[in-house]
Amino acid sequence: MTARLLIYIAVMAGVTYLVRMIPMMVFRRKIRSQFVQSFLYYVPYAVLGAMTIPAVFYATGNIVSAAVGLAAAFVLAFFGQSLIVVALTASGAAFIAELILGWIK
Amino acid sequence: MSQARRREFFSGIKDGIPIALGYLSVSFGFGITAVSNGLTIFAAVLISMTNLTSAGQVAGLTVIASNGGMIEMAVAQFVINLRYSLMSLSLSQKLDKGFTPLSRLAASFGITDEIFAVASGRSSDVSKHYMAGLISLPWVGWALGTFLGAAAGQILPEKLKAALGIAIYGMFVAIFVPAARKAIGVLIVVIIAVTASCCLKYIPLFSGISEGFAIIICTVLAAVIGAIFFPVKQEEGGTEE
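Residues numbered from 1 in each chain as written. Chains lettered and ligands numbered in written order. Predicted model: local features only at pLDDT ≥ 70, side-chain atom pairs only at ≥ 80, totals over all residues. Heavy atoms only, no water.

A.B. asks: Before we move on, can you summarise the overall build of chain A with the specific residues and values?
C.D. replies: Secondary structure assignment for chain A yields four helices and zero strands. Helices (α) and strands (β) of chain A occur, in sequence order from the N terminus, as α-α-α-α. Over its C-alpha atoms chain A spans a radius of gyration of 20 Å, topping by over 25% the 13 Å that the globule rule assigns to 105 residues. Here the C-alpha coordinates of chain A stretch approximately 60 × 40 × 20 Å along the principal axes. Here chain A holds 105 residues, and 47% of them are scored as buried. (Helix = DSSP H or I, 4+ residues; strand = E, 2+ residues; numbered from the N terminus. Rg over C-alpha atoms; globule rule 2.2 N^0.38 Å. Buried < 20%, exposed > 50% of the residue type's maximum accessible area, 1.4 Å probe, protein only.)

As structure tokens, then:
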């Protein structure tokens, strides 16, 4: 492991910890601003959306199998399946697509 | 430990079991993604043991893989994990009198979406022994799942590994799709974030923007627009992940 990687990890861990720790140590009252509350409420969804698309299309090394996996995930998630079911079905669908693509070639 | 303290601790342990099982599977995906980005098993597990957060860790991998700057890493972690501030703030109101500054320092490390949701769902104030129990198993599950995923990533056949590389994105989809179905604000926010992310990736004008900063820009843009046009009511700040 290089020194640069260790510094990356230290920065990640340090910032993440401070973000969690400082409010618990310093503040003893709730945030009242509706704008701030709403912003923080939307952050996880914005992050996950931005990180998933388009990155997911390069996650399997083949855009077609990735698209098949993503489509499967969307359908199951839409019908409210649990995290693990959605994730494994997406992987399964992508795997089957990889196999079929292998045969076609 | 006295009888009451032990009961509190094990009550926390019990509440942490379902969270730990969920983390075991999510972090499995993270482990695979980490080694496919060139990290060692040890580095992947070290990240999970010190960070305990999914979105932030995947964004961190993106920055590491693209050899991004340290400022970029710090700002990305700050923006993506900023929601924990709200949760810490909210939970700080619910800690019982037994909480010393030292136990606050320790408990704040374990604030995640799920742990926050369970702790704040308790009818009474939470004790430090309860929090210690609640955080323990999910932390172990998160580290163990990362180890198993990273190890599997090194021995599994190429096609299977490729297919499992999509697992973590499947989990992300499983979080934002149901939420977007229920709330128009979330739907709009996700659409804006995805559109912005595609623009930054494919429009040559933006090719100078690193991937970590791209995530930050998309997140802030989409969440600000959501907060302006679809403000949420008070007390809805904590979200499921």
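A.B. asks: A description of the nonpolar core should follow, citing residues and the corresponding values.
C.D. replies: Judged by nonpolar contacts, the single largest core of 96 residues is most densely connected at Tyr45 and Met51 of chain A together with Ile64, Leu91, Met131 and Val186 of chain B. Here the element with the most residues in this core is helix α10 (residues 167-182) of chain B; it accounts for twelve residues. Two domains each provide a minimum of three residues to this core, namely domain 1 (1-30) and domain 2 (33-104) of chain A. Once residues within four sequence positions are removed from consideration, leucine 91 of chain B is found in contact with Met24 of chain A together with Ile111, Phe116, Ala119, Ser120 and Met131 of chain B. (Core = buried A, V, L, I, M, F, W, Y, C linked by side-chain atoms within 4.5 Å. Domains from an automatic or database assignment. Contact = heavy atoms within 4.5 Å.)

A.B. asks: Describe the interface of chain A and chain B, naming the residues involved and giving the relevant values.
C.D. replies: If you look at the interface, chain A gives 68 residues, while chain B gives 97 residues. Regarding the contact of chain A and chain B, the summed buried area is about 7800 Å², with carbon and sulfur atoms giving 75% of it. In terms of surface lost to chain B, no three residues of chain A exceed Arg20, Met24 and Tyr42 of chain A, which account for 11% of the buried area on that side. On inspection of chain A and its partner chain B, the count reaches zero salt bridges. The tally of links from chain A across to chain B stands at 23 residue pairs in polar contact (both at pLDDT 80 or more). Elements supplying a minimum of two residues to the side of chain A that touches chain B: α1 (3-26), α2 (34-52), α3 (63-78) and α4 (83-104) of chain A. (Buried area = accessible area lost by both parts, 1.4 Å probe. Salt bridge = Lys/Arg side-chain N within 4 Å of Asp/Glu carboxyl O. Polar contact = N/O pair within 3.5 Å; in protein donor to acceptor, adjacent residues only side chain to side chain.)

A.B. asks: Can you lay out the packing of aromatic side chains for me, pointing to particular residues and giving the numbers?
C.D. replies: Residues and elements named next belong to chain A. Here the structure, examined in full by the defined rule, presents eight aromatic pairs over all chains. A ring pair is formed by tyrosine 41 and tyrosine 42, whose centres lie 5.0 Å apart and whose planes are at 70 degrees; its orientation type is edge-to-face. When sorted by exposure, tyrosine 41 lands in the same class as tyrosine 42, which is buried. Relative to tyrosine 45, the ring of tyrosine 41 lies with its centre 5.9 Å away and its plane at 65 degrees, an arrangement referred to as edge-to-face. Here the residue tyrosine 41 and the residue tyrosine 45 both occupy positions in helix α2, the gap between them amounting to four residues, near one helical turn. For the pair shown, tyrosine 41 and tyrosine 45 are each scored as buried. Every member of this aromatic cluster is reached through a ring pair, and the members are Tyr41, Tyr42 and Tyr45. (Phe/Tyr/Trp six-rings, centres within 6.5 Å; stacked < 30°, edge-to-face > 60°.)

A.B. asks: Run through helix α7 (residues 113-121) of chain B, naming residues and quoting values.
C.D. replies: Among the residues of α7 of chain B, Asp113, Glu114, Ile115, Phe116 and Ala119 of chain B are the ones counted as buried. Against α1 (3-36), α5 (83-91) and α8 (128-155) of chain B lie the buried residues of α7 of chain B.

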